[in-house]
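# A look at the structure
So you can see what is in the structure, the chains are spelled out below.
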Amino acid sequence: MIKKENQFANNGMTKEELKELASQLGNPDGEKGIQVGQMMNETNIAMTRSGWQDLSLTTGDIILELGHGNANHLEELLNKVDNLTYFGLDISETMKSEAEKYCLENNLSHKTSFQIYDGQRLPFKECTFDKIFTVNTIYFWQSPLEFLNEISRVLKPNGLFTVVFTDEETMNKLSFTEFGFTKYTDTKFEELVRQSNFELIIKKNYIDIIKSKILTDIEREYWVMTLTKGTNS
Ligand SMILES: C[S@@+](CC[C@H](N)C(=O)[O-])C[C@H]1O[C@@H](n2cnc3c(N)ncnc32)[C@H](O)[C@@H]1O
């Protein structure tokens, strides 16, 4: 097989292997999906924690996460404040069952609930959630503006939504992002928000080092954008 050359952070993977990894990151499936889910959870835990920081978690909050992966971060999240109720949506059956298994093993099933959905229409009523967050899913949103407005629909009037994503410049160093990822800079994301029913209230950026078995160590720049419903929504 011909190996791609002069690629940064592809660890010598072939084009077919990179495509397979990209597909697993966007929708983990089967045994390989379970391994990728574990790798994502470990590699992205700092991003996930950064997303919680600006949510002002409060006793009794009802929380929604979009694209939870294997959800191995939930013990930490649910111990942050008393009486949180968590709903998780993902498009991957494999991630739903891994998340349920983790919650069962860690005695979290009574506080958590998971559903598969189509990645576009949220199966909840208007103004259901106090807090919503999503980490590393924006690259896969099919209709970003419609999806933001759909998220706004299920958020309570004074609710908060954090979106966490890796900056385009870092993504360009990861060869697998050539396959099916839509990349965002802060300004591209802000332009999207301006067209939506949301308002941006906090914008933060972070730099960390990604270390994993699959990815070469690289410096990663990422954004945490905190949104609230606009006055006209
Ligand atoms: C790159 S992984 C990120 C997982 C985890 N949030 C993290 O950062 O480690 C993307 C996850 O989002 C899911 N996903 C992809 N598109 C989605 C969508 N439109 N809504 C919700 N989840 C989605 C995938 O199945 C996968 O579990």
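Provided above is the structure to which this section pertains.
Here the residue index of a chain counts from 1 through its sequence in written order. Per-residue local features are limited, in this predicted model, to residues with pLDDT of at least 70; the limit for side-chain atom pairs, both in listing and counting, is 80 or more; totals at the level of whole chains, interfaces and linings are taken over all residues. The side-chain numbers reported here are obtained from all heavy atoms of the structure, hydrogens and water having been left aside.

### Regarding the packing of helix H2 (residues 30-43) against helix H5 (residues 93-105)
Throughout, an axis means a line fitted to C-alpha atoms (over the contacting stretch in the case of helices), and angles, computed between N-to-C directions, take values from 0 to 180 degrees. Only DSSP runs of H or I reaching four residues or more are called helices, and only runs of E reaching two or more are called strands; each is numbered from the N terminus. Put simply, H2 and H5 touch, their axes get as near as 10 Å, and they point 60 degrees apart. One way to sum up the angle between H2 and H5 is to call them oblique. The element H2 and its partner H5 pack so that their crossing is right-handed. Counting all contacts with H2, which are made through Gly30, Gly33, Ile34 and Gly37, the residues of H5 involved are Thr94, Met95 and Glu98. Taken together, the residues that form the contact of H2 with H5 break down as 2 nonpolar, 4 polar and 1 charged. For classification purposes, an angle smaller than 35 degrees is called roughly parallel, one larger than 145 roughly antiparallel, one from 65 to 115 roughly perpendicular, and anything else oblique. Two helices cross in a left-handed way if the nearer one is turned anticlockwise from the farther one by less than a right angle. They cross in a right-handed way if the turn is clockwise. A contact between two residues is defined here by any heavy atoms of the two lying within 4.5 Å. Only Asp, Glu, Lys and Arg are considered charged, only Ala, Val, Leu, Ile, Met, Phe, Trp, Tyr, Cys and Pro nonpolar, and every remaining residue, Gly among them, polar.

### Here's the deal with helix H6 (residues 144-154)
For H6, the tally of buried residues reaches 8 of 11 residues, placing the bulk of the element in the interior. Residues of H6 that are buried include every one of Pro144, Phe147, Leu148, Glu150, Ile151, Ser152, Arg153 and Val154, and no others. Lining the buried residues of H6 we find strand S1 (62-66), strand S4 (129-135), strand S5 (155-166), helix H8 (186-195), strand S6 (198-210) and strand S7 (218-229). Burial status follows relative accessibility: with a 1.4 Å probe on protein chains alone, a residue under 20% of its type maximum counts as buried, one over 50% as exposed, and anything between as partly exposed.

### Re the sheet that holds S4
Read from one edge to the other, the open sheet built from 7 strands follows the order S3-S2-S1-S4-S5-S7-S6, with strand pairing classed as mixed. Two strands in the sheet have a free side with no partner beyond their single neighbour: strand S3 (112-116) and S6. The average undirected angle you get between the axes of adjacent strands in this sheet is 15 degrees. Strands are labelled as partners when DSSP assigns at least two bridges between them. The pairing of strand S2 (residues 85-90) with S3 spans 5 bridges and is classified as parallel. Directly across from leucine 89, in S3, lies its bridge partner glutamine 115. The strands touched by H6 within the sheet are S1, S4, S5, S6 and S7, with S5 carrying the most contacts at an inclination of about 140 degrees.

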